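Fold and contact review
The chain contents come next:
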Amino acid sequence: MYALASVGLSLIFGTLGMFNMAYGLFMTLGAYAAYSAANASQLPLVLGFVAAMVAGALIGVLTHLLIMRFMLGTPDFGLNVMVATAGLGVVLQDIEIKIYGGYLYPQVARVEGLAQLGGVSITLQALTNVAVALTLILGTAWLLMNTRFGRAIRATAMNREAAMLMGVKADTEFLQVMALAGMLAGVAGLMISTQSTLSPQMGGDPLLKAFVICVVAGLGNVWGAGVCAFGLALLEAAIGCYFGGGSGFRPC
Amino acid sequence: MTQLLSCKNLVSGYLNRPVLNGVSIEIPQQGVLALIGPNGHGKTTLLRTLSGYLPLRQGKITFDGQDASRMSVQKRVQAGLLHVPQGDQLFTEMTVEDNLLMGAYLASDKAEIAQRLADAYQLFPKLKDRRNQLASGLSAGERRMVEIGRGLMSDARLIMLDEPSLGLAPLVIERIYVALDQLRSRGKAFLEVEENPSRLMHFADRLCLMDAGHIVWQGSAAEARDSGDILKTYLGGH
Ligand SMILES: Nc1ncnc2c1ncn2[C@@H]1O[C@H](COP(=O)(O)OP(=O)(O)OP(=O)(O)O)[C@@H](O)[C@H]1O
Ligand SMILES: [Mg+2]
């Protein structure tokens, strides 16, 4: 789950050269969107998942259209966007508290049940989360490595000026990356909420971890972020297991 | 015949830093216009302004009969105006082939792209052997070939080269210019910034001398040779 968040965060930093301080709230939003969609429908799982993706992508796109677009090309772009997205984070959190209240909810869009794996029982939810995270990360990697769209994103990350001179439009690029990263955040939020609870603050802790992972992996290194995230998760699980950190078993 | 590109009284520069103070040049449908001048006097800035990377403050740019003054970089690339930037400007952690393909970013026809790729490899056969290597692992000369090849992949009519021989060994420069000569004989037009006098005399049809954001002298390569002083003063007396 951190893996997804880190990949998204790293994607934004690497390509767009900025920190998205509201990223934690993108996750929360995805989780709440899944909750609402799941409550309102007969197909809680599928719809919840789709709702998380759509909500994340949508907030990413809106952030670009309503905020970032106007800062493009300003001399202190990185700083401006950091401040603006930090502000956006506060506003989003307030909106969530207004709509859902400040209480903790259990996530409704979840997979029930236990599986036995070689004598160890593990929740189906945990397995699902690992599978979804892996699929999305590999999917993102495939997109980046094998499509024209992905090639342009990587090129922009490596050399913005040269990419622009080949005809890549900064504006379009930002929009696409924000949509993709927002979608990853939405799903990450949903999965995190299935392992703990839903609360307006839930994005904070994973965001911090995602930051750590991004820094360790090298900011902007999408591949490294994915690998490091799984590493951190294993480390956490091991520490939790051997020293009884109280967090219990946390896959990915 | 009308000019491929003409610009009048261009004023442009960076935030709080005007660099070009009214530059006018004309580039014919074919051939090579070379831009020379001391360091830091606005040659790169002129190329960036023509490609649309820097916004134009005043003046007018006409490319291929269209007013390009307000066109985006993307539109200009589509129209056939391409800027190969100065210095090592590759996508270093991408393969040679991916770098080249980025040059055809705006093309969508698969067969067309494959054809352009084959052309680029034919011009620089060395790159074909290294197609799956990361650009960061290439020699300086090979990297320059990728940069030029990437520019060609856009199928531009006018290629703006910013110091294609910068930092290369004489033998490698020679090889690069063999390729450029070939392109030129295929009818491409060039605007190049070049400081290597022998390359200039051999490759360029006309020369423009830029000083402090103005064009202070223009003439054919032969005129430059005859007037002696010009090249001596600005190119360090070779
Ligand atoms: N990105 C930038 N921001 C602000 N000022 C810049 C920038 N790039 C260049 N300049 C300034 O603009 C002026 C013109 O620079 P330019 O790069 O056009 O010179 P040049 O003729 O290409 O020099 P060189 O031969 O060294 O490449 C210089 O004084 C330079 O310091
Ligand atoms: Mg220059």
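Residues numbered from 1 in each chain as written. Chains lettered and ligands numbered in written order. Predicted model: local features only at pLDDT ≥ 70, side-chain atom pairs only at ≥ 80, totals over all residues. Heavy atoms only, no water.

What about the overall build of chain A?
Within chain A, the secondary structure is distributed over ten helices and two strands. Going from the N terminus to the C terminus, chain A shows its helices and strands as α-α-α-α-β-β-α-α-α-α-α-α. Looking at chain A residue by residue over its 252 residues, the buried ones come to 53%. Put simply, of all contacts in chain A between residues at least 6 apart along the chain, 75% involve residues at least 24 apart. As displayed, chain A has an accessible area near 10,800 Å², and 71% of this comes from carbon and sulfur atoms. (Helix = DSSP H or I, 4+ residues; strand = E, 2+ residues; numbered from the N terminus. Buried < 20%, exposed > 50% of the residue type's maximum accessible area, 1.4 Å probe, protein only. Contact = heavy atoms within 4.5 Å. Areas by Shrake-Rupley, 256 points an atom, 1.4 Å probe, with all protein chains shown as cover.)

Considering the overall build of chain B
A count of helical and extended segments in chain B gives ten helices and ten strands. Here the C-alpha radius of gyration of chain B, 17 Å, is about what a compact globule of 238 residues would show, namely 18 Å. For the C-alpha atoms alone, the extent of chain B along its principal axes is close to 45 × 40 × 40 Å. A buried classification covers 56% of the 238 residues belonging to chain B. Taking contacts inside chain B between residues at least 6 apart in sequence as the whole, the part at least 24 apart equals 67%. For chain B, the computed accessible surface area is about 10,400 Å², with 48% contributed by carbon and sulfur atoms. Where the 27 positive side-chain charges of chain B centre and where its 26 negative ones centre are 3 Å apart. (Rg over C-alpha atoms; globule rule 2.2 N^0.38 Å. Lys, Arg positive; Asp, Glu negative; His and termini not counted. Charge placed at Lys NZ, Arg CZ, Asp CG, Glu CD.)

Remarks on the confidence of the model for chain A
Residues and elements named next belong to chain A. Within chain A, residue pLDDT values average 75, and 75% of them lie at 70 or more. Helix α10 (residues 222–243) is the least confidently modelled element of chain A, averaging 62 in pLDDT, while helix α7 (residues 160–165) averages 92, the highest of any element. Confidence drops under pLDDT 50 across residues 244–252; counting only partners more than four residues distant or on other chains, this segment forms 21 contacts. (pLDDT = per-residue confidence, 0-100.)

Topic: the pattern of salt bridges
Residues and elements named next belong to chain B. What the rule picks out here adds up to 14 salt bridges over all chains. Residue E97 is joined to R131 by a salt bridge in which the shortest nitrogen-to-oxygen separation is 3.0 Å. Here E97 is found in helix α3 (residues 96–103), whereas its partner R131 is found in the loop between α5 (125–129) and α6 (140–152), with 34 residues between them in sequence. You can call R131 partly exposed: its relative accessible area is 29%. With a shortest N-O distance of 3.6 Å, K188 and D155 are connected by a salt bridge. With K188 in the loop between α7 (170–185) and β8 (189–193) and D155 in the loop between α6 and β7 (158–162), this residue pair connects regions lying 33 residues apart in the sequence. Taking relative accessible area as the criterion, K188 reaches 16% and is therefore assigned buried. (Salt bridge = Lys/Arg side-chain N within 4 Å of Asp/Glu carboxyl O.)

Describing the interface of chain B and chain A
Each partner contributes to the interface: chain B provides 25 residues, whereas chain A provides 18 residues. For the pair chain B and chain A, the number of links is three salt bridges. When the shortest N-O distance is used, the salt bridge between B:D98 and A:R151 registers 3.5 Å. Our count for the contact surface shared by chain B and chain A stands at six residue pairs in polar contact (both at pLDDT 80 or more). When residues of the side of chain B that touches chain A are traced back to their parent elements, those giving at least two are α1 (43–51), α2 (73–79), β6 (81–84) and α3 of chain B. Broken down by element, the side of chain B that touches chain A gets its largest block of residues, four residues, from α3(B). Per-class residue counts for the side of chain B that touches chain A are 14 nonpolar, seven polar and four charged. (Polar contact = N/O pair within 3.5 Å; in protein donor to acceptor, adjacent residues only side chain to side chain. Nonpolar A, V, L, I, M, F, W, Y, C, P; charged D, E, K, R; others polar.)

Comments concerning the coordination of the magnesium ion (ligand 2)
Residues and elements named next belong to chain B. Within the first shell, the magnesium ion (ligand 2) binds the protein through T44 (OG1) and Q86 (OE1), at distances of 1.9 to 2.2 Å. With a gap of 42 residues between them, T44 in helix α1 and Q86 in the loop between β6 and α3 connect regions that are remote in the sequence. Judged by relative accessible area, which is 28%, Q86 ranks as partly exposed. (Donors = N, O, S within 2.8 Å, 3.2 Å for Na, K, Ca; no water.)

Details of the pairing of β8(B)
All names here are of chain B. Counting buried positions along β8 gives five out of five residues, so the element sits mostly inside the fold. Residues A189, L191 and V193 of β8 are buried on one face, and the alternating residues F190 and E192, pointing to the opposite face, are buried as well. As paired strands, strand β3 (residues 31–36) and β8 are joined by five bridges and run parallel to one another. Within β8, the residue paired with V32 across the bridge is F190. Both β7 and β8 contribute to a ladder of five bridges, which runs parallel. (Pairing = 2+ DSSP bridges.)

Re the site of ligand 1
Residues and elements named next belong to chain B. In the vicinity of ligand 1 lie 15 residues, with N39, G40, K43, T44 and T45 positioned nearest. The contact in question runs from an oxygen atom of ligand 1 to an N or O atom on the backbone of G42, over 3.1 Å. Contacts to ligand 1 include E163, whose side-chain N or O atom sits 3.4 Å from an oxygen atom. Coverage of ligand 1 by the protein amounts to 66% of the 640 Å² it exposes when considered alone. Put simply, the parts of the chain that give the shell around ligand 1 at least two residues each are β2 (17–27) and α1. Broken down by element, the shell around ligand 1 gets its largest block of residues, four residues, from α1. The class makeup of the residues in the shell around ligand 1 is three nonpolar, seven polar and five charged. (Near = heavy atom within 4 Å.)

Thoughts on the environment of A:Q201
All names here are of chain A. With respect to the helices and strands, the residue Q201 is situated in the loop between α8 (170–195) and α9 (204–217). Of the residues examined, Q201 reaches a relative accessible area of 46% and is grouped as partly exposed. Those residues in contact with Q201 that sit more than four places away from it in its chain are Q93 and I97.

Things to note about the sheet that holds β7(B)
Residues and elements named next belong to chain B. Pairing is mixed across the open sheet formed by six strands, whose spatial order is β6-β7-β8-β3-β9-β10. Edge positions in the sheet fall to β6 and β10 (214–220), since each has one partner strand and no second. Each strand axis lies, on average, 15 degrees off the axis of its neighbour in the sheet, ignoring direction. Sheet strands in contact with α1 are β3, β6, β7, β8 and β9 (206–211), and its direction is about 150 degrees off that of β7. Where α7 meets the sheet, its contacts fall on β3, β7 and β8, and the angle it forms with β8 comes to roughly 145 degrees. (Axes fitted to C-alpha atoms, helices over the stretch in contact; angles between N-to-C directions.)

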